[in-house]
Amino acid sequence: TDDDTFSNVFCENSEKLINVHLFALAAKYYSLSSLGVCTPLEDVLEALRGGNQGTAGIKTDEFMNNKKSHEVQVMSELVDKLAKYCGVKQVIDIGSGKGYLSSFLSMQYNLNVYGIDSSNTNTNGALERNRKLKKHWRAYQSRGRANLKSQKLEKANERPVESEIKCKTINEKLLNNDNSLQSQDRVAIQDLVPSCGFAEIATSETKKQTEVNLVARTQSDESKLSEEVLAILNVLPADAVEVFSSSQYNCRELSEEEKAQRKMATLKAKASKSSESNLYFPLTSCITAETELSDIITDLKDCMMVGLHTCGDLAANTLRIFTAKPEIKAVCSVGCCYHLLSEQFENQEDCSEGVWGFPMCQYLKDKGWCCGRNARMSACLALERVAVGQMLPTESLFYRAVLQVIIEEIYGVTKSDRYVGKTFSKSSSFIDYVRKSLKKLELDDSKLPDSCIMDYYEKYKHRMNELEAFNMLKVVLAPCIEVLILLDRLCYLKEQDNIAWSGLVKLFDPVKSPRCYAVIALKK
């Protein structure tokens, strides 16, 4: 477009907004979707060989909400392909939280995942979640036994048991092409359901890749496992199925060779279990740009680094660690919480050469570029959600705006390092909201009568529509600010000498997951 296309958005003298329609068009023009700088996900998957085939059978929505399930499904497939392309099995999940992505990568794709989070509560939560999944697995086992026992009784009344027993191999594809049930070198399942004599007959190809062949000794009608049991096989945590010592099989007489194979497999499994109990390791540590990963992960190998909604500076530091550590061959990082980014040039008295969340690239550093907290807060807004009718929480925003007026006029406070947080949802009225907020800010509310609080409410109530219009303009502008932050990260990678390829990829549906762009890079 011509340089003058958007010149009439603001008044030249007053600098006030005078053309809302042109403002919206300009914002759209400078959004990521319009600039053409993103690499389509389909192209990345195709380049990594294999195309976008998706994963079959996994029911993540049983254990995650719709948003998290969508994110984990999409990102884990990409991470798996990146890991295969780089020839690595170890994945480091930065800011792993409760371990949703980490545990899924380990059990669906057999990757060795270290999930690092600064919150000990999150790390313990990840371990607790795995424990609950194990209980869920046992419940499915019990229900499967009860169902099949009932079916056997019904069939016994209908016809005599046939003398000929047909053994049938269940194709591994039933359990997801990638063998989502992964644990130690060998996994054998005994007595999954009493009437089926499942035995392990496969041989191990590599130390950490498992092939599971289930042999069903049953009548044709009973050879199909219930959908419930098959579903749970696909969502097991990596250590959910314990290795057992083979003592009885209800199948045909084994040959000496088969007996030797099974004995060897059991010994290998026991040895593996003693040295590695699962493939997912939650760890607690605060990650900075200077973090030495080998101090946290003792068996650090060639690996890749991932981050699903890494908060504030953590996204920037993930990229810095990636470029600095030769062991890390690839990175896939989706950031969030732009408002928590530290900015080098936000406070002019403190713009020393340190490690900052923004800017990262030398180009913006040379220009001394600064967004400011208000702009970064705006970048967190979700335009696509608003576009489909998920309106902004106008009342809570109004409460917050009037509260700020009260704090400034009554208490003379213009800056504070404390936060009000999610007080609105826990408040019964505006008065209750103000008093709870003042306590959080450690301000004395005893001298502030209810009548004074309500006077402020009534004074500004008629401007609520004005506030809503202002916030809608912020929503429209949000993608432009996000573009600046994401392109800064991409430019930082482009400036490095050891990067073979880097790009921005739209991973998620922005209505389900507004922070949907991933920064991806591969080392030379």
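See above for the structure.
To keep things clear, this report deals only with the structure shown in the data block.

Each value, and the rule that gives it
Residues numbered from 1 in each chain as written. Predicted model: local features only at pLDDT ≥ 70, side-chain atom pairs only at ≥ 80, totals over all residues. Heavy atoms only, no water. Helix = DSSP H or I, 4+ residues; strand = E, 2+ residues; numbered from the N terminus. Buried < 20%, exposed > 50% of the residue type's maximum accessible area, 1.4 Å probe, protein only. Contact = heavy atoms within 4.5 Å. Phe/Tyr/Trp six-rings, centres within 6.5 Å; stacked < 30°, edge-to-face > 60°. Lys NZ or Arg CZ within 6 Å of the ring centre and 35° of its normal.

Turning next to the overall build of the chain. Summing up its helical and strand segments, the chain has 17 helices and nine strands in all. In the chain, which comprises 524 residues, the proportion classed as buried is 47%. Within the chain, residue pairs in contact and separated by at least 24 positions form 73% of the contacts whose partners lie at least 6 positions apart.

This next bit is on the packing of aromatic side chains. Enumeration over the complete set of coordinates arrives at 12 aromatic pairs. Residues Phe398 and Tyr457 carry aromatic rings whose centres are separated by 5.6 Å and whose planes lie at 75° to one another, so their mutual orientation is edge-to-face. Linking Phe398 in helix α14 (residues 394-411) with Tyr457 in helix α16 (residues 450-460), this pair joins segments that are 59 residues apart in sequence. With relative accessibility at 3%, the residue Phe398 sits in the buried group. A relative accessible area of 15% means that Tyr457 is categorised as buried. Pairing Phe430 with Tyr433 gives two aromatic rings, centres 6.5 Å apart and planes at 25°, and the pair type is stacked. Note that Phe430 and Tyr433 are positioned in helix α15 (residues 430-440) at a spacing of three residues, about one turn of the helix. Look at Phe430 and you get buried, because its relative accessible area is 3%. For the cation-ring pair, Lys523 lies above Phe322, with the distance from its terminal atom to the ring centre recorded as 4.6 Å.

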